[in-house]
Amino acid sequence: MNFLRGVMGGQSAGPQHTEAETIQKLCDRVASSTLLDDRRNAVRALKSLSKKYRLEVGIQAMEHLIHVLQTDRSDSEIIGYALDTLYNIISNDEDEEVEENSTRQSEDLGSQFTEIFIKQQENVTLLLSLLEEFDFHVRWPGVKLLTSLLKQLGPQVQQIILVSPMGVSRLMDLLADSREVIRNDGVLLLQALTRSNGAIQKIVAFENAFERLLDIISEEGNSDGGIVVEDCLILLQNLLKNNNSNQNFFKEGSYIQRMKPWFEVGDENTGWSAQKVTNLHLMLQLVRVLVSPTNPPGATSSCQKAMFQCGLLQQLCTILMATGVPADILTETINTVSEVIRGYQVNQDYFASVNAPSNPPRPAIVVLLMSMVNERQPFVLRCAVLYCFQCFLYKNQKGQGEIVSTLLPSTIDATGNSVSAGQLLCGGLFSTDSLSNWCAAVALAHALQENATQKEQLLRVQLATSIGNPPVSLLQQCTNILSQGSKIQTRVGLLMLLCTWLSNCPIAVTHFLHNSANVPFLTGQIAENLGEEEQLVQGLCALLLGISIYFNDNSLESYKKEKLKQLIEKRIGKENFIEKLGFISKHELYSRASQKPQPNFPSPEYMIFDHEFTKLVKELEGVITKAIYKSSEEDKKEEEVKKTLEQHDNIVTHYKNMIREQDLQLEELKQQVSTLKCQNEQLQTAVTQQVSQIQQHKDQYNLLKIQLGKDNQHQGSYSEGAQMNGVQPEEIGRLREEIEELKNNQELLQSKLTEKDSVIENLKSSQTSGTNEQSSAIVSARDSEQVAELKQELATLKSQLNSQSVEITKLQTEKQELLQKTEVFAKSVEVQGETETVIATKTTDVEGRLSALLQETKELKNEIKALSEERTAIKEQLDSSNSTIAILQTEKDKLELEITDSKKEQDDLLVLLADQDQKILSLKNKLKDLGHPVEEEDELESGDQEDEDDESEDPGKDLDHI
């Protein structure tokens, strides 16, 4: 304590050099003192001086402080003081307001000390190891120090941590710390660590960062949470932005589904604190990161699908239609919904079905368009609505058709109770607000983007300009407004609409040229020498005139391609025309608009170019330049070559159709073969089932034999115990009668067995002749085996009958013995009553056994008859199966012959196609020699398809009033 008093007294009493001496003494004490308490007190004193005398402490004490970290790790207190001192030296945080020059010096000082500290990479590794300590006084200062190092020299420190073993994993443990201060500062540390480093971002993501951060956000109350939620969202953006691997991991881990509760904000007007607005804004930006147009298309579409399936899109649309939502949140929600539906048909269809909670309900698209054409709405909100409309129509021909159909006469509501999207666009197109004109023109151009059908349908739209005047087409009304000399923004929007409308649509070009005032107006605009502000309009007029030449089908005699080019050469000059055409791509706002699809402008004055239109200019500028410089002879040659190519294309198309038809026939034949195979397999399974049934009958027969054998043994045992001492004469007579009946039955059985033997012999002979005629050797072999088994079974029956005859003989002998015994004991009266009783019981037993034998013999006869009938049925089924197999074999041979013939025809067609392709290639080479750009085959086919669609439409239909 005395030491500290001396140090503090030196701070207040002495001059500047005295403080340096004091710091030097403290450093010596840290380096040389043997007692831990002295070193700890010295480091504590350095900590108290480090904020005010940052430079002196940093220069003299940094090396000693690092040495303390290395040698005194057992004492957490001194380690904490050392880390705090280093943080004060390196950090640029100022408690009080200072001048700008002082701030710059402080920043330079912090970066210099940081460079000294990380010059030895072991120092950063040492700091990472200290973060493993659980002690609050060590871990928290360590987190702050490492965060400050990353803020000063981020890339260098990131590289050191990246190569350190388990460096990133140690830092990830901070998110699991139960102390909120360390956990929250750990989030800030990971923010600085993951900034602009894809490798570290991947490691952090695969260390389960998404799960932990989403848990923290949920624990803190989602959008209602504090600044911790904001820090977690910023870290999530660092991990996901421009990192396709992490985005895919986020989607595959089902983390998109966990974002849905973030947007359950309800419909209340209260509760929108500044922190909640900030959190929700970051949450919406995080959704946009996953579906950004700059991401790979496959990854974007999979995220869009997941957002629809989990209900996230539905939740965003609820916010979109809710009341009381702050303007900046509403704008960002519109932008988010735009990118969630962009280019994904399912989401676009759902968005088209969303209705605003009004009476009567109106589609959300109509409500949004009302805001876009309303000049009282904020500029950023109008831009967001335009972007949403563009994303809804992007690669959505169904949606484009629905929008254009609201302008057609057959779909307009005659009562005027509801306003359609088309009517809102027309109203914005011809309003007095130039920004509404531009937005409506661009929106309508997106309804025509890459859709020739809708370009032709839009030609049917008629507008009633005033009472008593005839209706005017929409195309003509656009050119009328152009000629009236409106504002530049309005004219630029209309020219972009006309260029999009006329490109790749010869019918629209013909309608445009049919008005004799349009071409003189364009040539007059291009030929004039106007100021810099009008140069962009001149360039767009040149582009529109070039489109009228390039996509001209020469259907109007006075405005054929050649005449238009001559007109340009006389009134403008080809070089001047090309120079004016180049004004578009040279404009300063052109490159800005070509970078991103979203119309993001700082003010309405910068709202000049549309992103999709810049792509159209890039596509057409070169081909229009070539078309202007082509001579009439080259045009004629080009037309001839095109006709020749069309003829060859027709031939190729014809052969392709023939090949398709033959392929279909082959597929049908293959299907027939497969069905026949299935039928054959079914028949084979039926035969297998029948064989199994026969086997079951055999098993049942064997069981009956076994039971019969047991009964015979039982009867034998009874007969052996049938000895009696004497019987009555009446009983003997009965026994004789029964024996006679048994003999008769035996004779009958013998005769029936003889008949069965003859039947079996006949069956065997017929089976032998039948097997020579059958095609399946396996089945006949089975039948012969069955016949042999039946013979064996009959032999066993014979043996059983023989055993019965033996039993009868025994009974006869027993009868003789009984007669003898009756003669011997006839005089015995005492035992007579007992003998009669015994004889009666024995006689009853014998009668029962005889009746049982007769019944079993009858059952065996029935079984033999049933087996013979089943064998006959099986033989008939085998005959029918063999005939079916023969029929199937003949049909198969016929099919193989047909397939061989079709293959030969295909080979001949391929040879013809090769000859045609060679001729086409030679013609294309001639075209290339002439300097004409040759389109590929796919483009020619698509062009032919569009021509066919054009011919199918009737441009001469009557037009009705809107």
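Computed from a predicted structure; not experimentally measured.

### Focus on the overall build of the protein chain
- Helix and strand content of the protein chain: 41 helices and four strands.
- The buried share among the 962 residues of the protein chain stands at 46%.
- In the protein chain, the proportion of contacts linking residues at least 24 apart, taken out of those at least 6 apart, comes to 74%.
- If you sum the accessible surface of the protein chain, you get close to 49,700 Å²; carbon and sulfur atoms cover 50% of it.

### Looking at the environment of Thr 884
- Take Thr 884: it is sitting in helix H40 (residues 832-929).
- Exposure remark for Thr 884: the relative accessible area of 27% places this residue in the partly exposed category.
- Spatially, the C-alpha atoms of Thr 884 and Leu 683 are 8.9 Å apart, while their sequence positions differ by 201 residues.

### Topic: the pattern of salt bridges
- Tallying each qualifying case throughout the model produces 23 salt bridges.
- Of the charged contacts in the structure, one is a salt bridge between Arg 40 and Glu 77, with a shortest N-O distance of 3.6 Å. Of this pair, Arg 40 sits in helix H3 (residues 36-50) while Glu 77 sits in helix H5 (residues 76-90), and the two are 37 residues apart along the sequence.
- Here Arg 40 falls in the buried class, since its relative accessible area comes to 12%.
- Close ionic contact of Glu 534 with Arg 491 constitutes a salt bridge, the shortest N to O distance being 2.9 Å. Separated by 43 residues along the polypeptide, Glu 534 in helix H31 (residues 532-550) and Arg 491 in helix H28 (residues 488-502) bring together distant segments of the chain.
- The network of salt bridges with common partners includes Asp 37, Arg 40, Arg 44, Asp 75 and Glu 77.

### Thoughts on the layout of surface pockets
- One number sums up the size of the second largest pocket: a volume of about 900 Å³.
- The wall of the second largest pocket is formed by 34 residues, among which Arg 288, Glu 339, Lys 596, Gln 598 and Asn 600 lie closest to the centre.
- Elements represented by at least two residues in the lining of the second largest pocket include exactly helix H16 (274-290), helix H19 (327-341), helix H22 (379-393) and helix H35 (588-593).
- Its residues placed into classes, the lining of the second largest pocket shows 13 nonpolar, 13 polar and eight charged.

### With respect to the confidence of the model for the protein chain
- Averaged over every residue, the pLDDT of the protein chain is 81; residues scoring 70 or more account for 77%.
- Within the model, pLDDT remains below 50 along residues 95-100, and this stretch shows two contacts once partners closer than five positions in the same chain are excluded.
- Contacts of residues 825-840 to residues separated by more than four positions or lying in other chains number eleven contacts, the stretch itself having pLDDT below 50.

### Examining the packing of aromatic side chains
- Tallying each qualifying case throughout the model produces twelve aromatic pairs.
- Measuring from ring centre to ring centre gives 5.9 Å for Phe 210 and Phe 249, while their planes differ by 35°; the resulting arrangement is tilted. Taken together, the residues Phe 210 in helix H13 (residues 209-219) and Phe 249 in helix H15 (residues 244-252) connect sequence positions 39 residues apart.
- Taking relative accessible area as the criterion, Phe 249 reaches 26% and is therefore assigned partly exposed.
- Relative to Phe 263, the ring of Trp 262 lies with its centre 6.5 Å away and its plane at 55°, an arrangement referred to as tilted.
- What makes Trp 262 buried here is its relative accessible area of 2%.
- Accessibility expressed as a relative area gives 0% for Phe 263, which makes it buried.
- By way of ring pairs, the aromatic residues Phe 206, Phe 210, Phe 249, Phe 250 and Tyr 255 are connected into one cluster.
- A cation over an aromatic ring shows up here: Lys 144 above the ring of Tyr 87, its NZ or CZ 5.2 Å from the ring centre.
- The ring of Phe 134 is capped by Arg 179, whose NZ or CZ atom sits 3.9 Å from the centre of that ring.

### Things to note about the side chain of Ser 436
- Along the chain, Ser 436 turns up in helix H25 (residues 434-448).
- Those residues in contact with Ser 436 that sit more than four places away from it in its chain are Met 372, Val 373, Arg 382, Gly 428 and Ser 431.

### Points about unusual backbone geometry
- Look at the link from Asn 359 to Pro 360: it is a cis peptide, with omega at -5°.
- Mapped onto the secondary structure, Pro 360 falls in the loop between strand E1 (355-356) and strand E2 (362-363).

### Brief notes about the packing of helix H4 (residues 54-71) against helix H7 (residues 121-130)
- Running from N to C, H4 and H7 cross one another at 45°; their axes reach a closest spacing of 11 Å. On the basis of the axis angle, H4 is oblique to H7. Note on packing geometry: the crossing formed by H4 with H7 is left-handed. Along the contact surface, H4 presents Ile 66, Leu 69 and Gln 70, while H7 presents Asn 123, Leu 126 and Leu 130.
- Split by residue class, the contact of H4 with H7 holds four nonpolar, two polar and no charged.

### Brief notes about helix H8 (residues 136-152)
- The terminal C-alpha atoms of H8 lie 24 Å apart, and with 17 residues this matches the ideal 24 Å at 1.5 Å per residue to within 8%.
- Here H8 lies mainly inside the structure; twelve of its 17 residues are buried.
- Every buried residue of H8 is listed here: Val 138, Arg 139, Pro 141, Gly 142, Val 143, Leu 145, Leu 146, Thr 147, Ser 148, Leu 149, Leu 150 and Gln 152.
- If you check the start of H8, you find a side-chain oxygen 2.8 Å away from the backbone N of His 137, and it comes from Asp 135.

### Remarks on the side chain of Ser 434
- The topology assignment puts Ser 434 in helix H25.
- In terms of polar contacts, Ser 434 uses its side chain to reach the side chain of Gln 489, at 3.1 Å.
- Residues within four places of Ser 434 in sequence aside, it is in contact with Lys 487, Gln 489 and Thr 490.

### Re the state of the cysteines
- Scanning the entire structure with this criterion turns up zero disulfides.
- With no disulfide of its own, Cys 388 lies 6.9 Å from the sulfur of Cys 391, the closest cysteine sulfur.
- Classification of Cys 388 as buried rests on a relative accessible area of 1%.
- Unpaired in terms of disulfides, Cys 478 finds its nearest cysteine sulfur in Cys 426, a separation of 8.2 Å.
- Overall, Cys 478 belongs to the buried group, its relative accessible area being 0%.

### Regarding a negative patch on the surface
- The grouping of Glu 898, Asp 901, Glu 905, Asp 907 and Asp 908 at the surface amounts to a negative patch.
- Structurally, Asp 907 is set in helix H40.
- The class of Asp 907 is partly exposed, set by a relative accessible area of 45%.

### What about the packing of H19 against H22?
- Their axes nearest at 8 Å, the elements H19 and H22 cross at an angle of 15°. When the axes of H19 and H22 are compared, the pair comes out roughly parallel. When you trace H19 past H22, the crossing you get is left-handed. Here Leu 330, Thr 331, Ile 334, Asn 335, Ser 338, Glu 339 and Ile 341 of H19 lie close against H22, whose contacting residues are Val 380, Leu 381, Ala 384, Val 385, Tyr 387, Cys 388, Cys 391 and Phe 392.
- Each residue belonging to the contact of H19 with H22 can be placed in one class, and the counts come to eleven nonpolar, three polar and one charged.

### Considering the environment of Arg 170
- In this fold, Arg 170 is placed in helix H10 (residues 167-172).
- On a C-alpha basis, the gap between Arg 170 and Leu 128 in space is 7.2 Å, while along the polypeptide they are 42 residues apart.
- Leave out the neighbours within four places in its chain, and Arg 170 touches Thr 125, Leu 128, Ser 129, Glu 132 and Pro 165.
- Side chain to side chain, Arg 170 and Glu 132 meet in a polar contact 2.9 Å long.

Calculation notes
- Residues numbered from 1 in each chain as written.
- Predicted model: local features only at pLDDT ≥ 70, side-chain atom pairs only at ≥ 80, totals over all residues.
- Heavy atoms only, no water.
- Helix = DSSP H or I, 4+ residues; strand = E, 2+ residues; numbered from the N terminus.
- Buried < 20%, exposed > 50% of the residue type's maximum accessible area, 1.4 Å probe, protein only.
- Contact = heavy atoms within 4.5 Å.
- Areas by Shrake-Rupley, 256 points an atom, 1.4 Å probe, with all protein chains shown as cover.
- Salt bridge = Lys/Arg side-chain N within 4 Å of Asp/Glu carboxyl O.
- 1 Å grid on protein atoms, 1.4 Å probe; cavity = no way out; pocket = protein on both sides within 12 Å on 5 of 7 lines; lining within 4 Å.
- Points joined across faces, edges and corners; volume = space filled by probe spheres on them.
- Nonpolar A, V, L, I, M, F, W, Y, C, P; charged D, E, K, R; others polar.
- pLDDT = per-residue confidence, 0-100.
- Phe/Tyr/Trp six-rings, centres within 6.5 Å; stacked < 30°, edge-to-face > 60°.
- Lys NZ or Arg CZ within 6 Å of the ring centre and 35° of its normal.
- Axes fitted to C-alpha atoms, helices over the stretch in contact; angles between N-to-C directions.
- Parallel < 35°, antiparallel > 145°, perpendicular 65-115°, else oblique.
- Left-handed = near helix turned anticlockwise from the far one by under 90°.
- Expected span 1.5 Å × (residues − 1).
- Polar contact = N/O pair within 3.5 Å; in protein donor to acceptor, adjacent residues only side chain to side chain.
- Disulfide = S-S within 2.5 Å.
- Patch = residues over 30% accessible without salt bridge, like charges linked within 9 Å, V, L, I, M, F, W, Y side chains within 5 Å.
- Lys, Arg positive; Asp, Glu negative; His and termini not counted.
- Charge placed at Lys NZ, Arg CZ, Asp CG, Glu CD.

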